[in-house]
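Per-entry structural report
Given next are the chains, with one letter for each unit.
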Amino acid sequence: MKKLSMFAASMLLAFAATSCGNDKNEAEPTTFEATITLSEEIPSALVYGEPVSIKASIETQNTLTGGCVTGVKGSEGAYTAVGDPQEFEIANNGIDFLFFPDSKEITALEVVLYAGDLSCTTYYPVSSVTGESKGTVWMNETAALYADYKVATHDNDPETYPNEGTGAGSDTKSFFSMHGVEVNGEVQHILSLSELRAVDGKNGSMCFLNVLQNTKNNAYIGGQRGYMFSSLRASSLGGGTTGRQCDLYEVDGHGIKDENIDYDFQFYRIAGSWIGEDYNAELYTYIDKLFISIDSEASTTADKMRAFYQLGALQRDLDNSTLGEIDNPTSLTLQTYLRRWTNAGQKATAALEENFRAGDYIICRSKRGTDENPVYYYGLMYISQIYDDKDTFVDGRIDQELAEELFGKPVYLNIKVQCEEL
């Protein structure tokens, strides 16, 4: 093990305190002595965005209150921050922390310990930071998707639109893009039909909808009814028991096309205890703890790297067969749609089944790259609130006329997903 006594020079101490957000009234804090014993050497060569484990015990006469690690660039004995300060907690005078290399200019790691107003700084040399970013994250605690009304097209309203390839647009925010869509120079993840149609469906992932009728020929759907999350595949969104053919209809040469969408976007539902015998308490607790641990306010490059890595636990722990794991593979059985109710239509003959409600989680996965070299991105959606549909039921099924009340209503989601950097 490597021991290092730390004595902070006064000229660097003020910089260390500032870079770690140590806002003090004193003009300049004072130093203290500490000895760090690393459990293992910190690698000299680092990989951009890949976590570096820093585990150590600390010997000092002072009561430690926290610390941070910052990637810095050294020149002629002086150091300049090139990364963001990454704070860590100290438990039992020890460090157990993952540092994320957030700049390729890093030549040293600056470790600062705090004991109240006192601080102590040391540096660990870095020979190189190589590699490229694997992606970023997008998070929204109050994302809202609305079940859109039927959108008029030549198919379903030829009197209004007598010419083929013409129809109305829609500003209803019904669509989600995991990787984002550039709209008016800004990357958006919650989109309307008009916005998504304008880019021919590029990067579109899913739609929140209300099943009622085939929006091509206006025929009502008999066996299925109610809210639904659907992938944007033509076979899913335009399926006979989904009914959003109007969203797929090309207007003025633009439409949602399979070759452009997030084609392999899929779902896996984690239901709460309401579901009874099918409740998996261990899995729900795992997902809940993971979700809470991810900082929704991640704003710095380092914060986003940490969140990206945390979301990667979904693959490492629950779906590691996608990583080529052989000895103990885990797999998620995902699907391209998720209904709030199964067999809720008045002509259904099978038993009614509830599939999700507020308080449930949805794991989502996007497959990018090629079949030979796939790249997977994972995310979590917490269903915060969904419109109460109980008053639309008649004799145990959703009434055809009352189902109209479900249009225009939102589902509120707390979303945390990995995504590509556009």
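Residues numbered from 1 in each chain as written. Predicted model: local features only at pLDDT ≥ 70, side-chain atom pairs only at ≥ 80, totals over all residues. Heavy atoms only, no water.

**A word on the packing of aromatic side chains**
To describe a pair of aromatic rings, one takes the distance between the centres and the angle between the planes. What counts is decided by this rule: Aromatic pairs are defined between Phe, Tyr and Trp rings, using the six-membered ring for Trp, whenever the two ring centres lie within 6.5 Å; interplanar angles under 30 degrees are classed as stacked, those over 60 as edge-to-face, and all others as tilted. Helix and strand assignments follow DSSP, with helices taken as H or I runs no shorter than four residues and strands as E runs no shorter than two, numbered in order from the N terminus. Categorising residues by exposure relies on relative accessible area from a 1.4 Å probe, with only protein chains included: less than 20% of the type maximum marks a residue as buried, more than 50% marks it as exposed, and the intermediate range marks it as partly exposed. Throughout this description, the term charge over a ring refers to an Arg CZ or Lys NZ atom that lies within 6 Å of the ring centre and within 35 degrees of the ring normal.
In total, this model carries 17 aromatic pairs according to the counting rule given. For the pair Tyr361 and Tyr382, a centre-to-centre distance of 4.9 Å together with 55 degrees between the ring planes defines the contact as tilted. One end of the pair, Tyr361, is in strand 21 (residues 361-369); the other, Tyr382, is in strand 22 (residues 374-386), with 21 residues separating them in the sequence. The exposure class of Tyr361 is buried, given its relative accessible area of 2%. Among the aromatic side chains, those forming a connected cluster through ring pairs are Trp138, Phe176, Phe208, Tyr227, Phe229, Phe265, Phe267 and Phe356. A cation sits over an aromatic face here: Lys104 above Tyr48, 5.8 Å from the ring centre. Across from the ring centre of Tyr309, 4.1 Å away, lies the NZ or CZ of Arg316, which sits over that ring.

**Digging into the nonpolar core**
A general feature of soluble globular proteins is that nonpolar side chains tend to end up buried together. Keep this limit in mind: Put simply, buried Ala, Val, Leu, Ile, Met, Phe, Trp, Tyr and Cys residues joined by side-chain atoms within 4.5 Å make one nonpolar core. Note on contacts: a residue pair is in contact if any heavy atoms of the two residues lie within 4.5 Å.
In this structure, Phe176, Met206, Phe229, Ile287, Leu314, Met381 and Leu413 are the most contacted members of the largest nonpolar core, which totals 50 residues. Setting aside its immediate chain neighbours within four residues, Phe229 contacts Met206, Cys207, Phe208, Phe267, Thr336, Tyr337, Leu338, Phe356, Ile362, Val411 and Leu413. By size, the runner-up hydrophobic cluster in this structure holds 29 residues, among which are Leu38, Ile42, Leu109 and Met305.

**Focus on the pairing of strand 6 (residues 78-81)**
Note the threshold: For two strands to pair, DSSP has to find at least two bridges joining them.
Note that strand 5 (residues 66-75) and strand 6 share 4 bridges and pair antiparallel. Across the sheet, the residue bridging to Gly74 is Tyr79, located in strand 6. The hairpin turn running from strand 5 into strand 6, its antiparallel successor, is 2 residues long, and Glu76 in that turn takes a positive phi close to 55 degrees.

**Here's the deal with the environment of Trp274**
For the record, the criterion: Identification of polar contacts relies on pairs of N or O atoms within 3.5 Å, with a donor-acceptor requirement for protein atoms, meaning one able to donate a hydrogen and the other able to accept it, and with residues adjacent in sequence counted only if both atoms are side-chain atoms.
If you trace the backbone, Trp274 turns up in the loop between strand 17 (266-270) and helix 5 (281-293). Owing to a relative accessible area of 25%, Trp274 belongs among the partly exposed residues under this scheme. On a C-alpha basis, the gap between Trp274 and Ile190 in space is 29 Å, while along the polypeptide they are 84 residues apart. Every residue in contact with Trp274, bar those within four places of it in the chain, is listed here: Glu354, Asn355, Phe356, Arg357 and Asp360. Among the polar contacts made by the side chain of Trp274, one reaches the side chain of Asp360 at a distance of 2.9 Å.

**Regarding the sheet that holds strand 15 (residues 206-211)**
For clarity, the threshold we go by: Working convention: axes come from line fits to C-alpha atoms, limited for helices to the stretch in contact. Angles between N-to-C directions cover 0 to 180 degrees.
One open sheet accounts for 5 strands, arranged 14-13-15-16-18; its pairing is antiparallel. If you trace the sheet from one side to the other, it starts and ends with strand 14 (186-192) and strand 18 (337-339), each paired once. Direction aside, neighbouring strands of the sheet carry axes that sit 15 degrees apart on average.

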